[in-house]
Amino acid sequence: MFNVAVIGSGTMGNGIAHVFAQHGFPVALIDINQPALDKALGTIGKNLDRQVTKGSLTADDKAATLGRLTPYTTLADGVRNAQLVVEAATENIDLKLKIFRDLDQHAPQDAILASNTSSISITQIAAVTQRPAQVIGMHFMNPVPVMQLVEVIRGYATSDAVTTQVMDLARQLSKTPVEVNDYPGFVANRILMPMINEAIYTLFEGVAGVAEIDTVMKLGMAHPMGPLQLADFIGLDVCLAILKVLHEGLGNPKYAPCPLLVNMVAAGRLGVKSGEGFYSWGHGTKDLVLAERFRK
């Protein structure tokens, strides 16, 4: 089994660590913030409890999974024995480039360095290392323990051998890997984000309200949730960041973020993570409640 290191213990990082550990991989979970690590391990434990309750795991499986997780607050210690590193830090290019420079210095020379980025160029990330052939994208979907897809993104210099190895590793996690090339937004977000942006424009221009837009897409297009609800779950700041990458990277005005999205992010209305976006999320129930601004 590969020794795996996961950098970042937030929603994506703890989900990726959970899945690798559940499938037998020793995992170093790395975050500079000890309380964040403690919270992540608690979240993984609760998610494993749900699997035990549903009968998809035994109590022994849960204990074994948790036993494969080791927290670290320093990158150098966490990646020292890693054969695969998956970076799952905030979607910020400067931060990611710093992490990969550090990884290149501290991870074993033969280690594969992967990023869970949802839009940032793998080629650009790889260029700050001395091992671009070993740098690749592993874009997991949220929630990681549930969603099947892994976008495997080849940078300009990513080797065939590394791509094959990462595709095989994804299958060992009971995931379905899809190989894509390194262009802004890859496949998932190049298609998804313009749809979300257009839904926001439709609201901004007064064509319909939040609930009406989401209902049309759910009932008319068989989407499990509407694009505005999905944007709240993704995080409106994340949506804005990805749209900026698409707009700047492709130079096409069709990717320009809607002014309403820009203003909501500036006002701190980020969706679920802030308690309010297009919907209100602080009421403690599963009911969809419109944010006060969007109530008729």
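By the naming in an unreviewed UniProt entry, the protein chain goes by 3-hydroxybutyryl-CoA dehydrogenase and is assigned to Hymenobacter crusticola. Under the Sequence similarities (unreviewed entry) heading, UniProt states for the protein chain: "Belongs to the 3-hydroxyacyl-CoA dehydrogenase family."

Participant: Quick rundown of the sheet that holds strand β6 (residues 135-140)? Include the residues and the values.
Facilitator: Across the sheet, which stays open at both edges, the 8 strands sit in the order β3-β2-β1-β4-β5-β6-β7-β8 with mixed pairing between neighbours. Each of the sheet's edge strands pairs with one partner strand only, and the pair in question is β3 (69-72) and β8 (176-181). Taken pair by pair, the neighbouring strands of this sheet meet at an average axis angle of 25°, ignoring direction. Contacts from helix α1 (residues 11-22) reach β1 (4-7), β2 (27-30), β3, β4 (84-87) and β6, with the element oriented near 170° to β2.

Participant: Could you give me a rundown of the nonpolar core, with the residues and numbers involved?
Facilitator: Residues Phe20, Val27, Leu84, Met138 and Phe140 are the most contacted members of the largest nonpolar core, which totals 35 residues. For this core, the leading source of residues is α1, giving 6 residues. Those residues within four positions of Val27 in sequence are excluded, and the remaining contacts are Val4, Val6, Ala17, Phe20, Ala21, Arg68, Leu69 and Thr70. Membership of the second largest hydrophobic core comes to 24 residues, among which are Ile200, Val210, Tyr255 and Tyr279.

Participant: Lay out helix α7 (residues 160-172) in plain terms, naming residues and giving numbers.
Facilitator: Side chains three or four residues apart in an α-helix point the same way, a direct result of the helix having 3.6 residues per turn. For α7, built from 13 residues, the straight-helix expectation of 18 Å at 1.5 Å per residue is met to within 8% by its first-to-last C-alpha distance of 19 Å. Where α7 is buried, its residues meet β4, β5 (112-115), β6, β7 (149-154) and β8. One or two steps after α7, the chain reaches Ser174, where phi turns positive at roughly 65°.

Participant: If you had to explain the environment of Pro71 to someone new, which residues and values would you point to?
Facilitator: Secondary-structure assignment places Pro71 in strand β3. It is 9.7 Å that separates the C-alpha atoms of Pro71 and Ala5, two residues lying 66 residues apart in sequence. Once residues lying within four places of it in the same chain are set aside, the contact partners of Pro71 are Leu29, Leu37 and Leu41.

Participant: Describe unusual backbone geometry, with residues and values.
Facilitator: Note: most residues except glycine have negative phi, and most peptide bonds are trans. The peptide bond linking Asn142 to Pro143 adopts the cis configuration, its omega dihedral lying at 0°. Unlike most non-glycine residues, Phe186 shows phi in positive territory, near 55°. Within the secondary structure, Phe186 is located in the loop between β8 and α8 (188-204). A positive phi angle is found at Ala222, which is not glycine, with a value near 60°. Looking at the element boundaries, Ala222 is found in the loop between α9 (210-221) and α10 (227-234). A residue is classified by how much of its surface remains accessible, and Ala222, at 64% relative accessible area, is exposed.

About the cut-offs
Residues numbered from 1 in each chain as written. Predicted model: local features only at pLDDT ≥ 70, side-chain atom pairs only at ≥ 80, totals over all residues. Heavy atoms only, no water. UniProt positions renumbered as here; feature names shortened; annotations may be inferred. Pairing = 2+ DSSP bridges. Helix = DSSP H or I, 4+ residues; strand = E, 2+ residues; numbered from the N terminus. Axes fitted to C-alpha atoms, helices over the stretch in contact; angles between N-to-C directions. Contact = heavy atoms within 4.5 Å. Core = buried A, V, L, I, M, F, W, Y, C linked by side-chain atoms within 4.5 Å. Buried < 20%, exposed > 50% of the residue type's maximum accessible area, 1.4 Å probe, protein only. Expected span 1.5 Å × (residues − 1).

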